[in-house]
Amino acid sequence: MRQPLVSTRPPLDVTATPPSTHETPPRTFAAPVGSEASAAARRVGSSTVRDLLRLVGRPDVISLAGGLPDPATFPAAEIAAATTRLLATEGATALQYAPTEGDPRLRDWIRARRHARPGDDVLVTHGSQQALDLIVRATVEPGDAVVVADPAYVGAVQILRLARAEIIGVAADGDGLDVDALATRLADGLRPRLVYTVSTFHNPTGATLTDERRRHLGALADRYGFLIIEDDPYGELRWTGPEPVAMADCSERVITLGTFSKVLSPGLRVGYAVGPADLIADLVIVKQAADLQTATFNQALIRTLVVRPGWLDAHIDRLRSTYRARADALTAALASDLGDVLTCSTPTGGMFVWATFTDPRIDTTLLLDAAVDHGVGFVPGAAFAVGRDLRRSARLSFASVPPDQLTEASARLAAAVASTAG
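Values in this document were obtained by computation on a predicted structure and should not be read as measured data.

Caption draft 1: Up close: the nonpolar core. Leu64, Ile110, Ile255, Phe260 and Leu396 are the most contacted members of the largest nonpolar core, which has 92 residues in total. Sorting elements by how many residues they give to this core places helix H11 (residues 311–338) first, with 9 residues. Once residues within four sequence positions are removed from consideration, isoleucine 255 is found in contact with Ile135, Leu227, Ile228, Ile229, Glu230, Ala273, Val274, Gly275, Leu279, Ile280 and Leu283. Leu186, Met247, Cys250 and Val254 belong to the second-largest nonpolar core, a separate cluster that totals 25 residues.

Below you can see the structure in the form of C-alpha cells.
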C-alpha cells in the first residue's frame with residue numbers, strides 16, 4: 001500500500017470542552033477593520049512582474065517584461081465557431097453548475113494527454129496558479145519548509161508567503177534545479193514538505209531539468225518523503241530536442257500542473273492538476289470551499305476544441321514555429337549588440353531568455369529606468385531572487401513581440417547600457 005504523500009495531522013477533537021469564558025476574554029474589534037487582511041497582503045507583497053507591466057505598458061515601449069502569449073496566436077475564429085456549436089448542442093449543461101472535479105470528458109482527455117499513471121486523478125482548476133494554491137493550502141502549515149529553484153517563479157513565492165511557509169531557495173543553473181545541492185541540504189537535515197519546480201522551460205531562466213536530475217529528484221522524494229510539484233505550463237512549446245522523461249515517471253510522489261493559457265488563451269482561465277487520487281480528493285474539498293468549481297462553459301468550450309482530431313497539435317505546431325522565430329531573432333540581436341558584455345540562454349522552447357551581464361557594475365534594477373527611457377522594458381533578475389544575488393541578470397520574454405521589434409528592442413537595450421556606462 002502506498003504511504004501517505006503528506007504526513008497525517010491529528011483530527012480536530014470536536015468533543016473537547018471549550019475553554020472557560022472567565023479564562024478567555026471575549027473577542028473585541030479594537031483593531032482597524034481589514035487589519036488582518038492587510039497583514040496577509042503585506043506578507044505576500046505585490047508581484048514585481050505585474051507591477052512592471054504597468055510601468056512598461058506605454059505604446060512607445062517595446063515590452064520584453066511580461067510572459068504573455070501573443071494575442072495574434074489566439075484561435076479566436078475557432079473559439080467563436082465552437083461557442084456557437086456548444087450553445088446549440090449543450091447549452092443547458094454548459095451554462096449550469098458542474099462537478100468540482102471538472103468536466104468529465106475534459107478530465108478524460110487530460111488524463112490521456114498527460115499519460116496519467118494508474119491511480120492518478122485529474123482536477124480542473126482556474127489556471128494552474130489555482131492548482132498550486134490549492135496544493136499549498138492542503139499540505140502546508142505555517143513554518144513548513146518548501147524548496148523552490150532560485151531564481152523562482154514569482155507567483156509561487158507569493159502563494160508560499162501567504163501560507164507562511166519557510167521558503168528555501170536552491171540554486172538553479174542551465175540544467176534546472178541543482179539537485180545535488182538539494183541532496184546535500186537534505187543530508188544536513190532539511191526536511192521540506194514540498195519541492196516546487198518548473199521543470200521544463202523554467203520561468204524565469206528557460207532551463208529544462210535534465211533527465212538525470214529528474215530521476216535523482218524523484219529518488220530523493222521517495223527517500224525523504226516530500227511531495228514534488230511539477231508546474232508545466234510551457235512543456236508543449238518545445239521546438240528543439242527530445243522530450244524529457246516525465247517527472248511523474250520518476251516517483252509516485254509527484255503532482256503535475258498544466259494549463260491551457262499558453263496554448264489556447266489565458267483569458268479562459270482553465271488549468272489542471274494530475275496526481276495521486278488521494279491527494280486530488282483533498283484538493284477537491286479545498287476547491288469546494290474556494291470557488292465550488294471551475295467555469296463550466298469555459299471547460300466545455302476547451303473540450304470541444306481539443307477533442308477535434310489533430311486540431312490542437314496543428315495549432316501548437318504553429319505556436320512553436322512562431323516562438324522559435326522570435327527566440328532566434330532576439331538572441332541573434334543580443335549577441336550582435338551586447339555580446340561583449342552579456343551572456344544569454346539559447347531557448348529550445350518556452351517564452352524566455354535569461355540574460356546576465358558580465359560587468360559586475362551593472363545592476364539591472366537600476367538599468368531598467370534607463371531602458372524604459374530608451375523605449376524597452378524587461379524584468380530585473382532581482383525580482384525572482386530568493387536568496388541569490390541576481391542583480392546582473394534579467395528575464396526577457398520574446399513571445400508577444402514580432403521579430404523586427406525584437407531586433408529593435410535589443411538595439412534600444414544596448415543604447416540604454418551605453419548611456420549608463422562609466
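From this point, the discussion proceeds with the structure in view.
Caption draft 2: Molecular detail of empty space enclosed by the protein. For the structure shown, the criterion picks out 5 cavities of 30 Å³ or more. Taken as a whole, the largest cavity holds about 100 Å³ of empty space. Considering only residue class, the lining of the largest cavity consists of 6 nonpolar, 3 polar and 4 charged. Forming the boundary of the second largest cavity are Ala149, Ala172, Gly176, Leu177, Thr197, Val198, Ser199, His202, Ala207 and Leu209. Of the residues belonging to the lining of the second largest cavity, the class tally is 6 nonpolar, 4 polar and no charged.

Caption draft 3: Here's a closer look at the packing of aromatic side chains. All told, the structure shown has 5 aromatic pairs when counted by the stated rule. Taken together, a centroid distance of 5.5 Å and an interplanar angle of 80° make the contact between tyrosine 234 and phenylalanine 352 edge-to-face. Of this pair, tyrosine 234 sits in the loop between strand S7 (227–231) and strand S8 (254–259) while phenylalanine 352 sits in strand S11 (residues 352–357), and the two are 118 residues apart along the sequence. Assessed through its relative accessible area of 1%, phenylalanine 352 is described here as buried. Relative to phenylalanine 384, the ring of tryptophan 354 has its centre 6.2 Å away and its plane inclined at 70°; by these criteria the two rings are edge-to-face. With tryptophan 354 in strand S11 and phenylalanine 384 in the loop between strand S13 (379–380) and strand S14 (393–397), this pair connects stretches of sequence that are 30 residues apart. Members of the aromatic cluster, each reached through a chain of ring pairs, are Trp109, Phe260 and Tyr272.

Caption draft 4: Main features of the packing of H11 against helix H13 (residues 403–420). Across the interface, H11 lies against H13 with an axial gap of 8 Å and an inter-helix angle of 30°. In terms of orientation, H11 lies roughly parallel with respect to H13. The handedness of the crossing between H11 and H13 is right-handed. Together, Ala325, Arg326, Ala329, Leu330, Ala333, Leu334, Asp337 and Leu338 of H11 and Pro403, Leu406, Thr407, Ser410, Ala411, Leu413, Ala414 and Val417 of H13 make up the contact between the two elements.

Caption draft 5: Main features of the sheet that holds S13. Taken in spatial order, the 4 strands of this open sheet run S10-S11-S14-S13, and their pairing is antiparallel. Both edges of this open sheet fall to strand S10 (342–344) and S13, since each of them pairs with a single strand only. Note that S10 and S11 share 3 bridges and pair antiparallel. Paired with leucine 342 across the two strands is phenylalanine 357, which belongs to S11. Strands S10, S11 and S14 of the sheet are contacted by H11, whose axis makes an angle of about 160° with S10.

What counts and what doesn't
Residues numbered from 1 in each chain as written. Predicted model: local features only at pLDDT ≥ 70, side-chain atom pairs only at ≥ 80, totals over all residues. Heavy atoms only, no water. Core = buried A, V, L, I, M, F, W, Y, C linked by side-chain atoms within 4.5 Å. Buried < 20%, exposed > 50% of the residue type's maximum accessible area, 1.4 Å probe, protein only. Helix = DSSP H or I, 4+ residues; strand = E, 2+ residues; numbered from the N terminus. Contact = heavy atoms within 4.5 Å. 1 Å grid on protein atoms, 1.4 Å probe; cavity = no way out; pocket = protein on both sides within 12 Å on 5 of 7 lines; lining within 4 Å. Points joined across faces, edges and corners; volume = space filled by probe spheres on them. Nonpolar A, V, L, I, M, F, W, Y, C, P; charged D, E, K, R; others polar. Phe/Tyr/Trp six-rings, centres within 6.5 Å; stacked < 30°, edge-to-face > 60°. Axes fitted to C-alpha atoms, helices over the stretch in contact; angles between N-to-C directions. Parallel < 35°, antiparallel > 145°, perpendicular 65-115°, else oblique. Left-handed = near helix turned anticlockwise from the far one by under 90°. Pairing = 2+ DSSP bridges.

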